[in-house]
Protein chains: 2
Amino acid sequence: MKLTEIGEFGLIKVIEAVVAQADRGEGVVRGIGDDVAIIRSASGKVLLVTTDLLLEGVHFNLAHTDPVALGKKALAANLSDIAACGGIPTAFVVSLAIPVETEVDFVKALYEGMMEQAMQFNCSLIGGDTSRGEKLMISITLLGEAKKEKIVYRHGAKEGDQIFVTGHVGDAALGLEQVKRGEQEGYFIEQHLDPTPRVREGQEIARQGLATAMIDISDGLVADLGHMLEASRVGAQVHISKLPLSEQYRKAIEQYQSDRYQLALAGGEDYELLFTAPAERAQEIKKLATELGTPMTLIGEIVEASQGVKVLWEDGKAYPIEQKGHDHFQT
Amino acid sequence: MKLTEIGEFGLIKVIEAVVAQADRGEGVVRGIGDDVAIIRSASGKVLLVTTDLLLEGVHFNLAHTDPVALGKKALAANLSDIAACGGIPTAFVVSLAIPVETEVDFVKALYEGMMEQAMQFNCSLIGGDTSRGEKLMISITLLGEAKKEKIVYRHGAKEGDQIFVTGHVGDAALGLEQVKRGEQEGYFIEQHLDPTPRVREGQEIARQGLATAMIDISDGLVADLGHMLEASRVGAQVHISKLPLSEQYRKAIEQYQSDRYQLALAGGEDYELLFTAPAERAQEIKKLATELGTPMTLIGEIVEASQGVKVLWEDGKAYPIEQKGHDHFQT
């Protein structure tokens, strides 16, 4: 059945039915279905707001993406932003533009993916808007909360701090590379389509006050490190030998790229957290990594601003890398 | 200069410069320019969230709309939703998809319009996202706050209540009709392009506890009254002779429509508030209307559900009207 057959109000009913199957958060006074949603603000906490836009043909290609994965990933991008400041995601609204010829089941699967992701992190879909459009467009605004004094910003890195990154880097970018070459499944494509936002990791790092600065590396490790350095007015050196490459990546990369490190350093798509901490916190970070079962790997140090950012081989020679992130208007 | 020349980060700088000229709200801890915005939640209040999507070719036509007016109107739709529950708008995020060939000055004017509107109601632009897109798309999520016990819903209308509407009805719809016929300016087009959301009126109605139910009538008086009746499980009768038509509308309408009342009852586009109140509050409503300088006109009564909704001539005969609102997927 297509959207033209059920109309806008039919579509809203389909979405409401998917959302109703999920638990509604405790803080939600009035959720989806009204012009305005109402949530309780937590006392003593500040409110976090982040928004992300995904367009067909720009951010994803429907030929390579199933709707459940797309729904999960649409919310993952926002969750990762909340994670990067150590916040707790609470509720989100979704605006959807969609071609009228779309199958109703496609939309259902899209929202099922979103709700699957949302339930993992206890957040609720509380409202949205829908419109016909020539291409699919998903705009999500996610709210979260945090104790103000615990929030980690991207601007707090200090000279002498160590630089850590969660999980592995490069797997998701390699997955995207495989998708572009027409491959359809496997470990890397799974990492690309269904990245895990590091929400719990971000919360614990913030709660324990371990990090001086934190950012997610969805634009690529070097590009996002660059954003952190700029905000913190410091420089950094990153050691290539210390990059946390997965065993799978080490084995597979040579089939795809003559340069083993390019995708890990600049490929983006990893929803991992990059953070800085004073050397004396290293033991606590190691302990937290063990407790959460998430690697947190020391990859470099913060240096003074004048040194800029350097990626170094073991012999101290510099690895040449483009620092520039993705520009939507100049591709 | 076009967006391709300044790139995504250039665009963000342009937007930041426009936003920086406006006052930043007291509650904003961290605004535009970061992945996550932070605002203080007001103690003892609940948080309101509403979101609206505007697409070129669906909701507006760039041939008829200048960017300042478009920016003002994009925010007005959200403000009107917050107004309808009696809330106070506080902060908003804007996601923008835009063709790369767009002139930078166009984007600047669009945000200037938004900020002009925002400043009228003391709310702050705190973040957003931008992407290239084939057509212009604006998605705004507006936050607000309210005392939970003061919020007015669409579901509280009781049999015997009187029905009021703010301002005039039909002017904006007549303006849209003129635009479609190629006219370019004048009173009605101004009402269509730059409607005033009734934020202060909604707040005062809520603060004084005057209304049992409230809704805005951007989908058309009869369609939105229908939403209120359905939520409240009651019926209504509306008296044609009591509709608040502007003097301009009464004079001009016959050049455009043989039926004088069609646009006023079903044309939509009016950002007025429709609310119900017990008869004993009528004097207070009259007083409030005088204080605010905004007409609040008694147009009918709530009756029992089985009677449905009737629009009546002075002699008691029924005026035939389509109750159906606009459907984005079945036009």
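As the structure is a prediction and not an experimental result, all values here were calculated from the model.

Would you mind showing me how to read the overall build of chain A here?
Each helix and strand in chain A was counted, giving ten helices and twelve strands. Taking 2.2 N^0.38 as the reference for a compact globule, 331 residues should give roughly 20 Å; the C-alpha atoms of chain A span a radius of gyration of 21 Å, in line with that estimate. Taking the principal axes of the C-alpha coordinates as reference, chain A spans close to 65 × 50 × 35 Å. Working note: accessible area of chain A is about 13,800 Å², and carbon and sulfur atoms make up 46% of it. Side chains of chain A carry 32 positive and 49 negative charges; the gap between the two charge centres is 5 Å.

Can you walk me through the sheet that holds strand S9 (residues 235-239) of chain A in this structure?
Two modes of strand pairing occur in sheets, parallel and antiparallel, and in both the strands are linked by backbone hydrogen bonds. All names here are of chain A. Judged by pairing direction, the sheet is mixed, and its six strands sit side by side in the order S8-S10-S7-S11-S9-S12 without closing on themselves. Two strands bound the open sheet, and with one partner strand each, they are strand S8 (213-216) and strand S12 (309-312). Across the sheet, the mean angle from the axis of one strand to that of its neighbour is 25 degrees, orientation sign disregarded. Note that S9 and S12 share four bridges and pair parallel. Each bridged residue has a counterpart across the sheet, and for Ala236 the counterpart in S12 is Val309. Here helix H6 (residues 199-207) sits on the sheet in contact with S8, strand S10 (273-277) and strand S11 (296-303), set at roughly 15 degrees to S10.

Can you walk me through the interface of chain A and chain B in this structure?
Size of an interface, as often reported, equals the accessible area lost when the parts are brought together. Opposite the 65 residues of chain A that make contact, chain B presents 66 residues. Broken down residue by residue, the surface that chain A buries against chain B is led by Leu47, Arg132 and Phe329 of chain A, which jointly contribute 15%. One can count two salt bridges joining chain A with chain B. A salt bridge links Lys135 of chain A to Glu134 of chain B, with the nearest nitrogen and oxygen atoms 2.8 Å apart. For the pair chain A and chain B, the number of links is nine residue pairs in polar contact (both at pLDDT 80 or more). Going through the elements one at a time, helix H1 (3-20), strand S1 (28-30), strand S2 (37-40), strand S3 (46-55), helix H2 (67-83), strand S4 (88-98), strand S5 (124-132) and strand S6 (137-146) of chain A are the ones with two or more residues in the side of chain A that touches chain B. Counting residues per element, the side of chain A that touches chain B draws most heavily on S3 of chain A, which supplies nine residues.

Even after reading the chapter, I still don't get the packing of aromatic side chains, so can you show me in this structure?
Given two aromatic rings, their pairing is described by the distance between the two centres and the angle made by the two planes. This model, assessed by the stated rule, comprises eight aromatic pairs over all chains. Their ring planes at 75 degrees and their centres at 5.1 Å tell us that Tyr187 of chain B and Phe188 of chain B sit as a pair that is edge-to-face. Its relative accessible area of 29% is what places Tyr187 of chain B among the partly exposed residues. Aromatic pair Trp313 of chain B and Tyr319 of chain B: ring centres 5.5 Å apart, planes at 65 degrees, arrangement edge-to-face. By relative accessible area, which is 6% here, Tyr319 of chain B ends up buried. Ring-pair connections join several aromatic residues into one group, and the members of that group are Tyr261, Trp313 and Tyr319 of chain A.

I'm lost on the confidence of the model for chain A in this one. Help?
With 97% of its residues at a pLDDT of at least 70, chain A reaches an overall mean of 90. For this predicted complex, the interface confidence score (ipTM) comes to 0.89, while the overall pTM stands at 0.91.

Got a minute to help me understand the environment of Leu265 of chain A in this structure?
All names here are of chain A. Secondary-structure assignment places Leu265 in helix H9 (residues 262-266). Leu265 gets classed as buried once you look at its relative accessible area, which sits at 0%. Measuring from C-alpha to C-alpha, the distance between Leu265 and Ala63 comes to 27 Å, with 202 residues separating the pair along the chain. Once residues lying within four places of it in the same chain are set aside, the contact partners of Leu265 are Gly220, Leu221, Val222, Ile240, Leu243, Val311, Tyr319 and Ile321.

What exactly am I supposed to notice about the environment of Tyr271 of chain B here?
Residue and element names in this part refer to chain B. Locating Tyr271 in the fold gives a position in the loop between helix H9 (262-266) and strand S10 (273-277). Here the alpha-carbon distance between Tyr271 and Thr196, two residues 75 residues apart in the chain, equals 6.6 Å. Discounting residues that sit within four places of it in the chain, Tyr271 has contacts with Lys73, Ala76, Ala77, Ser80, Pro195, Thr196, Pro197, Arg198 and Ser218.

What is the right way to look at the relation of the copies chain A and chain B in this model?
Both copies of the chain are related by one operation, a rotation about an axis with a shift along it. Least-squares fitting of chain A to chain B yields an RMSD of 0.0 Å, with the transformation described by 0.0 Å of translation along the axis and a rotation of 180 degrees. In the structure described here, the two chain copies are related by an operation that fits a two-fold rotation axis. A shared interface surface links the copies, since 100% of the contact residues of chain A are contact residues in chain B too.

I tried to follow empty space enclosed by the protein on my own but got confused; where do I start?
Space left empty within the atom packing is revealed by a probe, the size of a water molecule, rolled over the atoms. Following the criterion strictly, the structure yields two cavities of 30 Å³ or more and no others. The volume enclosed by the largest cavity comes to roughly 130 Å³. Lining the largest cavity are 15 residues; nearest its centre among them are Cys85, Val152 and Arg154 of chain A together with Asp34 and Val36 of chain B. No other element matches S8 of chain A, which puts three residues into the lining of the largest cavity. Among the residues making up the lining of the largest cavity, the classes are represented as nine nonpolar, no polar and six charged.

I'm lost on the pattern of salt bridges in this one. Help?
It is possible for side chains bearing opposite charge to pair when their charged atoms get close. All names here are of chain A. Scanning the entire structure with this criterion turns up 30 salt bridges over all chains. Its salt-bridge partner being Lys287, residue Glu291 comes within 3.3 Å of it at the nearest N-O pair. Residue Glu291 and its partner Lys287 are both found in helix H10 (residues 282-292); the two are separated by four residues, about one turn of the helix. An identical accessibility class is assigned to Glu291 and Lys287; each is exposed.

What is the right way to read the sheet that holds strand S4 (residues 88-98) of chain B from this model?
Here six strands make up an open sheet; going across it, the order is S1(A)-S2(A)-S3(B)-S6(B)-S4(B)-S5(B) and the pairing mixed. Two strands bound the open sheet, and with one partner strand each, they are S1 of chain A together with strand S5 (124-132) of chain B. The average undirected angle you get between the axes of adjacent strands in this sheet is 20 degrees. Where strand S3 (residues 46-55) of chain B meets strand S6 (residues 137-146) of chain B, ten bridges bridge the pair, whose relative direction is antiparallel. Paired with Thr50 of chain B across the two strands is Leu142 of chain B, which belongs to S6 of chain B. Across the face of the sheet, helix H2 (residues 67-83) of chain B comes into contact with S3, S4 and S6 of chain B while running at roughly 35 degrees to S6 of chain B.

Explain the nonpolar core here, please?
Most often, soluble globular proteins keep nonpolar side chains buried together rather than apart. In terms of nonpolar packing, the biggest core is built from 60 residues, with Leu48, Phe92, Tyr111 and Ile138 of chain A touching the most fellow members. For this core, the element with the most residues is helix H3 (residues 104-120) of chain A, which contributes eight residues. Among residues more than four places away in sequence, those in contact with Tyr111 of chain A are Ile15, Val18, Val94, Leu96 and Leu125 of chain A. In terms of nonpolar packing, the next biggest core, distinct from the first, is built from 59 residues, Val19, Val104, Leu142 and Met296 of chain B among them.

Just to check I follow, could you spell out the pairing of S3 of chain A for this structure?
Along a regular strand, successive side chains alternate from one face of the sheet to the other. Of all ten residues that make up S3 of chain A, ten are buried, and the element is covered over most of its length. With burial as the criterion, each face of S3 of chain A is covered, one bearing Val46, Leu48, Thr50, Asp52 and Leu54 of chain A and the other bearing Leu47, Val49, Thr51, Leu53 and Leu55 of chain A. When S3 of chain A meets strand S2 (residues 37-40) of chain B, the two strands line up antiparallel, connected through four bridges. Paired with Leu47 of chain A across the bridge in S2 of chain B is Ile39 of chain B.

Definitions and cut-offs
- Residues numbered from 1 in each chain as written.
- Chains lettered and ligands numbered in written order.
- Predicted model: local features only at pLDDT ≥ 70, side-chain atom pairs only at ≥ 80, totals over all residues.
- Heavy atoms only, no water.
- Helix = DSSP H or I, 4+ residues; strand = E, 2+ residues; numbered from the N terminus.
- Rg over C-alpha atoms; globule rule 2.2 N^0.38 Å.
- Areas by Shrake-Rupley, 256 points an atom, 1.4 Å probe, with all protein chains shown as cover.
- Lys, Arg positive; Asp, Glu negative; His and termini not counted.
- Charge placed at Lys NZ, Arg CZ, Asp CG, Glu CD.
- Pairing = 2+ DSSP bridges.
- Axes fitted to C-alpha atoms, helices over the stretch in contact; angles between N-to-C directions.
- Contact = heavy atoms within 4.5 Å.
- Buried area = accessible area lost by both parts, 1.4 Å probe.
- Salt bridge = Lys/Arg side-chain N within 4 Å of Asp/Glu carboxyl O.
- Polar contact = N/O pair within 3.5 Å; in protein donor to acceptor, adjacent residues only side chain to side chain.
- Phe/Tyr/Trp six-rings, centres within 6.5 Å; stacked < 30°, edge-to-face > 60°.
- Buried < 20%, exposed > 50% of the residue type's maximum accessible area, 1.4 Å probe, protein only.
- pLDDT = per-residue confidence, 0-100.
- Least-squares fit on C-alpha atoms with pLDDT ≥ 70 in both.
- 1 Å grid on protein atoms, 1.4 Å probe; cavity = no way out; pocket = protein on both sides within 12 Å on 5 of 7 lines; lining within 4 Å.
- Points joined across faces, edges and corners; volume = space filled by probe spheres on them.
- Nonpolar A, V, L, I, M, F, W, Y, C, P; charged D, E, K, R; others polar.
- Core = buried A, V, L, I, M, F, W, Y, C linked by side-chain atoms within 4.5 Å.

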